[in-house]
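Coordinates in review
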Amino acid sequence: MTNTLLDTRQAAEMLGLSPKCLERWRVEGAGPAYIKAGPGKRARVRYRQADLDIWLEANRFTSTSAYSATAASRPVVKERG
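What comes next concerns the included structure. (Residues numbered from 1 in each chain as written. Predicted model: local features only at pLDDT ≥ 70, side-chain atom pairs only at ≥ 80, totals over all residues. Heavy atoms only, no water.)

Some words on helix α2 (residues 19–28)
If you check which residues of α2 are buried, you get Cys 21, Leu 22, Arg 24, Trp 25 and Arg 26. For α2, the secondary structure elements touched by its buried residues are α1 (8–15), β3 (44–48) and α3 (49–58). Backbone geometry just after α2 places Gly 29 at a positive phi near 80 degrees. (Buried < 20%, exposed > 50% of the residue type's maximum accessible area, 1.4 Å probe, protein only. Helix = DSSP H or I, 4+ residues; strand = E, 2+ residues; numbered from the N terminus. Contact = heavy atoms within 4.5 Å.)

Here's what the structure looks like:
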């Protein structure tokens, strides 16, 4: 794991998502942990590579039944194109 900081576009590309999806997840309290670099609403958002790796691992499943068992407790978030 690494402490490399990625901006929203870079993090979204790494996860195979759109930047808008990550922005929406931040509002909804879903998705990977992020950092606000600076004070106030206009602070830049950054994602630690290590946090993305942790989030990916937490969302790793070996079967659809394993996913179904945990999906009921997660917020429903859909990727919009």
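Some points on α1
Looking only at α1, the buried set comprises Thr 8, Ala 11, Ala 12 and Leu 15. Projected down its long axis, α1 carries its buried residues within an arc of 100 degrees, all on one side. Elements that come into contact with the buried residues of α1 comprise β1 (5–6), α2, β3 and α3. Following α1 by one or two positions, Gly 16 has its phi on the positive side, about 75 degrees. (Arc of directions from axis to C-beta.)

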